[in-house]
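Summary of the model geometry
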Amino acid sequence: MTDKPTPAAEQPELPFWRLLYRFMFFDWLFADVSAARNRIERHAARQHNRRMCKFLPVYLRRWSILTAFDFGMGCLFERALQASMVSAWFFTWSCVTLTGTIVITVAWAFLANDRLP
């Protein structure tokens, strides 16, 4: 029996929830620098993370759209429908997603700058 690589059409698809997680969160792209055992592994993980930072603007755009959507829905429910509890829920999630966009922006700024240690 030979171990031939399977073509892309025959490879199993990701489950929907894992695909949704990867669509919204970017931690699966990066290596854990603190888990490195020596300087060479730490350097390799840092270089890998710097190469992967090119995908952070995509996630930043997704989270920005989600922030605007949540804020817009909060305004809609508060002004037009007078549903204060539902609007509070959307405003809370807009704060959470805004925090996520700030985290993504800071991570991108630090990883994209090559002069940092």
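Residues numbered from 1 in each chain as written. Predicted model: local features only at pLDDT ≥ 70, side-chain atom pairs only at ≥ 80, totals over all residues. Heavy atoms only, no water.

Along the backbone of the chain there are four helices and zero strands. Listed by position from the N terminus, the elements making up the chain come as α-α-α-α. Taking all contacts inside the chain whose residues are at least 6 apart in sequence as the whole, residues at least 24 apart take part in 59%. When the accessible surface of the chain is split by element, carbon and sulfur atoms take 66% of a total near 9,200 Å². (Helix = DSSP H or I, 4+ residues; strand = E, 2+ residues; numbered from the N terminus. Contact = heavy atoms within 4.5 Å. Areas by Shrake-Rupley, 256 points an atom, 1.4 Å probe, with all protein chains shown as cover.)

Turning to helix H2 (residues 39-52), a few remarks are in order. Given a rise of 1.5 Å per residue, 14 residues ought to cover 20 Å, and the 20 Å separating the end C-alpha atoms of H2 matches this to within 8%. Buried residues in H2 make contact with helix H3 (56-80) and helix H4 (84-112). Measuring from the side-chain oxygen of the N-cap residue of H2 to the backbone nitrogen of Ile40 gives 3.2 Å; that N-cap residue is Asn38. (Expected span 1.5 Å × (residues − 1). Polar contact = N/O pair within 3.5 Å; in protein donor to acceptor, adjacent residues only side chain to side chain.)

Turning our attention to the confidence of the model for the chain. Of the residues in the chain, 87% reach a pLDDT of 70 or more, and the chain-wide mean stands at 87. Mean pLDDT values over the elements of the chain span from 90, in helix H1 (residues 16-24), up to 94, in H3. (pLDDT = per-residue confidence, 0-100.)

Within this numbering scheme, the UniProt entry marks residues 20-38, 59-81 and 87-111 as carrying the feature "transmembrane region" (unreviewed entry). Spanning residues 20-38, this segment combines 26% helix with 0% strand, and its end C-alpha atoms are found 34 Å apart. (UniProt positions renumbered as here; feature names shortened; annotations may be inferred.)

Below, the discussion takes up the pattern of salt bridges. Using the criterion set out here, one finds one salt bridge in the structure. Here Arg37 and Glu41 are joined by a salt bridge, their closest N and O atoms 2.8 Å apart. Since its relative accessible area comes to 28%, Glu41 is described here as partly exposed. (Salt bridge = Lys/Arg side-chain N within 4 Å of Asp/Glu carboxyl O. Buried < 20%, exposed > 50% of the residue type's maximum accessible area, 1.4 Å probe, protein only.)

So, on to the nonpolar core. Buried together is how nonpolar side chains tend to be arranged in soluble globular proteins. Counting eleven residues, the largest nonpolar core is built from Met24, Phe26, Leu29, Phe30, Met52, Cys53, Leu56, Tyr59, Leu60, Trp63 and Ile104. When residues of this core are assigned to their parent elements, the largest contribution, four residues, is made by H3. When sequence neighbours within four positions are dropped, the list of residues in contact with Met24 reads Tyr59, Trp63 and Leu66. (Core = buried A, V, L, I, M, F, W, Y, C linked by side-chain atoms within 4.5 Å.)

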